[in-house]
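Tertiary structure, described
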Amino acid sequence: MQRTISRIEPALPVQAYQTYSITSPRDTMIRAACAQVACSAWRHGWESTVDETTQLGRDQAAYIRNESGRTFREQRTAAGLTVFRFESGQRCFAEHRTRPEIYAVRDGDWRGNPTGRTRTHQRPADWVEDFGEHQLSLVDQQKEG
């Protein structure tokens, strides 16, 4: 069953409007940085405990020390395990994926886009700035009458 959309009839012609939208394409995933997905390890730091008595543990420790490029403190536990403590603000070891977001601005409203013009912002902050500036211009126009 499709839902009926109830709309207020616009007071101005379609050319007088702009539509701001944020959409995500279905079934599309992209690699993402820790900061983009609010990764807990990135935000708070994390610990990796490694058993260097095994080959896997020696390989993991060698990677962390020599190739990971991350900042850490190293400690030994009473059980002989090595604990690597990583500070917050650096990429964790997980592979994050997220759905991309498309930040678009197009001329017109739900009735159509008379000019066919659409802009896509690369950064969310740019879309927010554009939206804010547009809102301010509407306030100025309203004050002028």
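Conventions and cut-offs
- Residues numbered from 1 in each chain as written.
- Predicted model: local features only at pLDDT ≥ 70, side-chain atom pairs only at ≥ 80, totals over all residues.
- Heavy atoms only, no water.
- Salt bridge = Lys/Arg side-chain N within 4 Å of Asp/Glu carboxyl O.
- Helix = DSSP H or I, 4+ residues; strand = E, 2+ residues; numbered from the N terminus.
- Pairing = 2+ DSSP bridges.
- Axes fitted to C-alpha atoms, helices over the stretch in contact; angles between N-to-C directions.
- Contact = heavy atoms within 4.5 Å.
- Buried < 20%, exposed > 50% of the residue type's maximum accessible area, 1.4 Å probe, protein only.

Applying the stated rule across the entire model yields nine salt bridges. In this structure, Glu-87 engages Arg-73 in a salt bridge whose closest nitrogen and oxygen atoms are separated by 2.6 Å. Residue Glu-87 is found in the loop between strand 5 (82–86) and strand 6 (96–98), and its partner Arg-73 is found in strand 4 (residues 72–76); the two are separated by 14 residues along the sequence. For Arg-123, the salt bridge is made with Asp-126, and the minimal N-O distance between the two is 2.9 Å.

Sheet strands line up and pair through hydrogen bonds in the backbone, either parallel or antiparallel. As summarised here, the arrangement of the three strands in space is 3-5-4, forming an open sheet in which the pairing is antiparallel. Of all the strands in the sheet, the pair left with one neighbour each is strand 3 (46–50) and strand 4. Neighbour-to-neighbour, the strand axes of this sheet turn through a mean angle of 20°, independent of strand direction. Two elements, strand 3 and strand 5, share five bridges in a ladder whose sense is antiparallel. Its bridge partner being in strand 5, Thr-49 is matched across the sheet by Val-83. Sitting on the sheet, helix 2 (residues 55–66) is in contact with strand 3, strand 4 and strand 5, with an inclination near 30° to strand 5.

The next point concerns the pairing of strand 4. Counting buried positions over the five residues of strand 4 gives zero, only a small fraction of the element. Where strand 4 and strand 5 come together, five bridges link them in antiparallel fashion. Across the sheet, the residue bridging to Arg-76 is Thr-82, located in strand 5. Counting the residues in the hairpin turn of strand 4 and strand 5 gives five residues, including Gly-80, whose phi is positive at 85°.

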